[in-house]
Protein chains: 2
Amino acid sequence: MNHYKQKETIPYYMCDRNHQLTLSMLVNLLIEVSENHSALLGREESYMENLDISWIILRYEFKIDRLPDAKEKIEIETFATEYNKLFTYRTFIVRDNQNNQLIEVKVTFALMDHATRKMVRIPNEVVAPYAALFSRRIRRELKPHEIDKSQIDEKSYEVRYFDIDTNNHVNNSKYIEWLLDSLNSAFLKTHAIRHGIITFDKEVKEGNTVTSKVSKRLTDELFTDHRIEVDGTTHASASFKWTEKSEKGV
Amino acid sequence: MNHYKQKETIPYYMCDRNHQLTLSMLVNLLIEVSENHSALLGREESYMENLDISWIILRYEFKIDRLPDAKEKIEIETFATEYNKLFTYRTFIVRDNQNNQLIEVKVTFALMDHATRKMVRIPNEVVAPYAALFSRRIRRELKPHEIDKSQIDEKSYEVRYFDIDTNNHVNNSKYIEWLLDSLNSAFLKTHAIRHGIITFDKEVKEGNTVTSKVSKRLTDELFTDHRIEVDGTTHASASFKWTEKSEKGV
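- Per an unreviewed UniProt entry, chain A carries the name Acyl-ACP thioesterase and comes from Alkalibacterium kapii.
- Taken directly from UniProt, the Sequence similarities (unreviewed entry) text for chain A runs: "Belongs to the acyl-ACP thioesterase family."

Structural notes on the overall build of chain A
No. 1: Scanning chain A from terminus to terminus reveals five helices and 12 strands.
No. 2: Rg of the C-alpha trace for chain A: 18 Å, near the compact-globule value of 18 Å for 250 residues, within the 12% margin.
No. 3: Reported as C-alpha extents along the three principal axes, the dimensions of chain A are approximately 50 × 45 × 35 Å.
No. 4: Across the 250 residues of chain A, 58% fall into the buried class.
No. 5: In chain A, 72% of the contacts between residues at least 6 apart in sequence involve partners at least 24 apart.
No. 6: Of the accessible surface of chain A, which amounts to about 11,500 Å², a share of 46% is contributed by carbon and sulfur atoms.
No. 7: One way to put it: in chain A the 36 positive side-chain charges average out to a point 4 Å from where the 39 negative ones average out.

A look at unusual backbone geometry
Residue and element names in this part refer to chain A.
No. 1: Although it is not a glycine, Lys71 sits at a positive phi angle of roughly 75°.
No. 2: Structurally, Lys71 is set in the loop between strand S2 (53–64) and strand S3 (73–83).
No. 3: Backbone geometry at Arg117 places phi at a positive 55°, although glycine is not the residue there.
No. 4: Looking at where Arg117 falls in the secondary structure, it is placed in the loop between strand S5 (101–113) and strand S6 (119–120).

Some details on the packing of helix H1 (residues 23–40) of chain B against helix H4 (residues 172–181) of chain B
Residue and element names in this part refer to chain B.
No. 1: Contact geometry of H1 with H4 gives a least axis separation of 8 Å together with a crossing angle of 165°. Viewed along their axes, H1 and H4 adopt a mutual orientation that is roughly antiparallel. Handedness of the H1/H4 crossing: right-handed. Between H1 and H4, the residues in contact are Leu23, Ser24, Val27 and Asn28 and Asn172, Ser173, Ile176, Glu177 and Leu180, respectively.

A short note on the packing of aromatic side chains
No. 1: Tallied over the entire structure, the rule returns 18 aromatic pairs over all chains.
No. 2: Summarising the aromatic geometry, the rings of Tyr175(B) and Phe200(B) are spaced 5.1 Å apart at their centres and angled 85° between planes, so their arrangement reads as edge-to-face. With Tyr175(B) in helix H4 and Phe200(B) in strand S9 (residues 191–200), the pair connects residues that are 25 residues apart, well separated along the chain. Neither residue differs from the other here; Tyr175(B) and Phe200(B) are each classed as buried.
No. 3: A connected cluster of aromatic rings, assembled from ring pairs, spans Tyr60(A), Phe62(A), Tyr175(A), Trp178(A) and Phe200(A).
No. 4: The side chain of Arg43(A) reaches across the aromatic face of Tyr47(A), ending 4.1 Å from its centre.
No. 5: Arg217(A) extends its terminal NZ or CZ atom over the ring of Phe223(A), reaching a point 4.3 Å from the ring centre.

Let's talk about the side chain of Lys245(A)
All names here are of chain A.
No. 1: Looking at where Lys245 falls in the secondary structure, it is placed in the segment after strand S12 (233–244).
No. 2: An unpaired buried charge is present at Lys245: no salt bridge exists, and Asp16, the closest side chain of opposite charge, is 4.7 Å distant.
No. 3: Side chain to side chain, Lys245 and Asn18 meet in a polar contact 3.0 Å long.

A short note on the pairing of S5(A)
All names here are of chain A.
No. 1: Along S5, 10 of the 13 residues are buried, which leaves the element largely enclosed by surrounding structure.
No. 2: Two elements, S2 and S5, share 11 bridges in a ladder whose sense is antiparallel. Following the sheet pairing, Arg59 is matched in S5 by Thr108.
No. 3: One ladder, built from eight bridges, connects strand S4 (residues 88–96) with S5; its direction is antiparallel. Opposite Arg95, over in S5, you have Gln101 as the bridge partner.
No. 4: If you look at the hairpin formed by S4 and S5, you'll find four residues sitting between the two strands, and Asn99 has a positive phi there, around 75°.

Some points on the UniProt feature "domain: Acyl-ACP thioesterase-like C-terminal" (unreviewed entry) in chain A
No. 1: Under the feature "domain: Acyl-ACP thioesterase-like C-terminal" (unreviewed entry), the UniProt entry names residues 150–243 of chain A.
No. 2: Between the end C-alpha atoms of residues 150–243 of chain A there is a gap of 23 Å, over a span that is 17% helix and 49% strand.

Some remarks on the nonpolar core
No. 1: If you look at the biggest cluster of nonpolar residues, it comprises 110 residues, and the most contacted ones within it are Leu26(A), Phe62(A), Leu26(B) and Phe62(B).
No. 2: Excluding residues that lie within four positions of it along the chain, Leu26(A) makes contacts with Leu21(A), Phe62(A), Leu67(A), Val94(A), Ile103(A) and Val105(A).

Remarks on the interface of chain A and chain B
No. 1: With 35 residues of chain A in contact, the opposing surface of chain B contributes 35 residues.
No. 2: Buried surface at the junction of chain A and chain B, summed over both partners, amounts to about 3,700 Å²; 51% is from carbon and sulfur atoms.
No. 3: Across the chain A-chain B interface, the total number found is six salt bridges.
No. 4: Between Arg17(A) and Glu206(B) there is a salt bridge, with its nearest N and O atoms 2.8 Å apart.
No. 5: One can count 20 residue pairs in polar contact (both at pLDDT 80 or more) joining chain A with chain B.
No. 6: Counting only elements with at least two residues in the side of chain A that touches chain B, the list comes to helix H1 (23–40), helix H4 (172–181) and helix H5 (185–190) of chain A.
No. 7: Looking at which element gives the most residues to the side of chain A that touches chain B, the answer is H1(A), with six residues.
No. 8: For the side of chain A that touches chain B, the class distribution of residues is 15 nonpolar, eight polar and 12 charged.

So, H4(B)
No. 1: Most of H4(B) sits inside the fold, with 10 of its 10 residues counted as buried.
No. 2: What H4(B) keeps buried is the set Asn172(B), Ser173(B), Lys174(B), Tyr175(B), Ile176(B), Glu177(B), Trp178(B), Leu179(B), Leu180(B) and Asp181(B).

Observations regarding the relation of the copies chain A and chain B
No. 1: For these two chains of identical sequence, chain A goes onto chain B by a turn of 180° and a shift of 0.0 Å along the axis, with RMSD 0.0 Å. The transformation relating the two chain copies, once decomposed into turn and shift, fits a two-fold axis. Across chain A, the smallest distance between a C-alpha and the rotation axis is recorded for Tyr157(A), namely 4.4 Å.

Describing H1(B)
All names here are of chain B.
No. 1: The end-to-end C-alpha distance of H1 is 26 Å, a good match for the 26 Å that 18 residues give at a rise of 1.5 Å each.
No. 2: Taken across its 18 residues, H1 has 14 buried, putting it largely inside the fold.
No. 3: Positive backbone phi, approximately 75°, marks Gly42, located one or two places after H1.

Conventions we followed
Residues numbered from 1 in each chain as written. Chains lettered and ligands numbered in written order. Predicted model: local features only at pLDDT ≥ 70, side-chain atom pairs only at ≥ 80, totals over all residues. Heavy atoms only, no water. UniProt positions renumbered as here; feature names shortened; annotations may be inferred. Helix = DSSP H or I, 4+ residues; strand = E, 2+ residues; numbered from the N terminus. Rg over C-alpha atoms; globule rule 2.2 N^0.38 Å. Buried < 20%, exposed > 50% of the residue type's maximum accessible area, 1.4 Å probe, protein only. Contact = heavy atoms within 4.5 Å. Areas by Shrake-Rupley, 256 points an atom, 1.4 Å probe, with all protein chains shown as cover. Lys, Arg positive; Asp, Glu negative; His and termini not counted. Charge placed at Lys NZ, Arg CZ, Asp CG, Glu CD. Axes fitted to C-alpha atoms, helices over the stretch in contact; angles between N-to-C directions. Parallel < 35°, antiparallel > 145°, perpendicular 65-115°, else oblique. Left-handed = near helix turned anticlockwise from the far one by under 90°. Phe/Tyr/Trp six-rings, centres within 6.5 Å; stacked < 30°, edge-to-face > 60°. Lys NZ or Arg CZ within 6 Å of the ring centre and 35° of its normal. Salt bridge = Lys/Arg side-chain N within 4 Å of Asp/Glu carboxyl O. Polar contact = N/O pair within 3.5 Å; in protein donor to acceptor, adjacent residues only side chain to side chain. Pairing = 2+ DSSP bridges. Core = buried A, V, L, I, M, F, W, Y, C linked by side-chain atoms within 4.5 Å. Buried area = accessible area lost by both parts, 1.4 Å probe. Nonpolar A, V, L, I, M, F, W, Y, C, P; charged D, E, K, R; others polar. Least-squares fit on C-alpha atoms with pLDDT ≥ 70 in both. Expected span 1.5 Å × (residues − 1).

Spelled out as C-alpha cells, the structure:
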C-alpha cells in the first residue's frame, strides 16, 4: 500500500465555538489530502476527467478519540487499503504532534460516469498506483441504524448555490452540517461524537429542499440516527455514538 | 508598518463549481492570516482574552481582478495601515505566483469588550507592535448603496449551530453566504464580483432567522445592493459591482 502523509495546523475557521475542528471541516481536510495523494500518483482530477469519470463517496466511518483544537498541529496519513470491481476503500489516520492517534476514518468510494451519472466498474489502470489489495468479494459494511419514527425531530434546508462543489455535486461536508444541525444547540454543546457511520444513497440536487430527521437511541450508550430526505426519499443516512463532553479528554 | 506574508495553495473545498475561490472562503483565509500576523507580534487570541476584549470586523472593501483557482498557489500580504481611538484599518493583498495582484481587501476593525459587548477605546499597547500610523481623525468610508425597495428579492436563513465561530459570533463568512445566495443561480454562474463593500451594523445571534434582501442597480455598470435583516432591523449591508464572466480574465 502506498502511504501518504500531510501535516496541517488547524485554522480557526475550521473550528466550532468550543475551538474544536468540526466534523464537516474534518471531511474537507481528509478529501483534500486524498486529492494530494492522488495527484502525487498521477491520478489527479484532470486524469479522471479525461476518462469522463470521477470518484464519489458512498460511506464514511469515523472513530474519534478527540477532535483537534484550533491551532493544533496534526498529521494526516492516508492509504487505499483494498478494492474490488465496484468499490475502493481508503483509511485516514489523524495524529497529534506526539504521534497519538486522534481519529480514524474509513471511506468507501465508487466511480461515477459523467454522462450517465451511474457507477462504473473500476478500471485497473485507475487504481494500480495506489497499490491496494484486490479482492473478489465485496465487503459487507455496517449500515446506519433505523430511525425511530415515534420520536423524530426534523429541520428543513434549501440547497444553497455555494453548497455545490468543484465536482458539481452538493459537497459531502454539507450533508454533515444538515445531519448535525438537526440536533439542538444544548445537545451539541454538551456532547461529543465518538463513532459515526454516514451512507450516501442518492444525490441531492440544486433546487432541492432536504429534510434532516433525527431520533435518539439510548442503550448502554447514546446514539442518534439520521435520515436526509427529499420528498420522502432517503438520500443519506447516519448513526452517531455520543458521550457527554465532561468525559474522557473532551 | 509591520508586513506579514503567507503562501497558500487553494484547496478544492474552498472553491465553487467554477473551481474559483469563494468570497466567503477568501475572508476565512484572510482573517486566519491576520491572526497569524498577530500571534507573531505577541497579540494572539490569548493576549486579547486576558484583557477581556476581542477584535470585531465592521467593514470589508474588496477590489477583485480575479479570484484564484483551485490548486493555484497564492501569497497573501497583510499590514495594519492606520488606527485612531476607535478603529484600526488593515489591508490585504493577494498575489499569484507571478507576483500579479489579484485582490485587495481593506478591513476596518474595532475592539469589543466581552462583558458589555460594546466597542471600547483602543489601548495603545494592543496596537503598538503593528506599527500602524496613528491618526486623530476617524476615516469617512464609502457605505453600501441604498436598496431599491421597489424590486427586492429575498430569502430567509435560520442561523445554524455551526455558523457560530470560535469568537462565539456568527462567523463573518456566513453573512457573505447569505448575501450572495439571495441572488439566483443563473446570475451567480455568469457574473463575477469586481468590487464590494460590506458593513456590519449589529450582531446576528443564535436562534435568529435572517432575511437576505437584494436589488439590482444598472448604471454604466451592474451593481447589487443588499441588506441582512432580523425582524425588520438591518444587521449588515452590502453593495457589489459585477461583470459578466466572459469579460476580462474570468
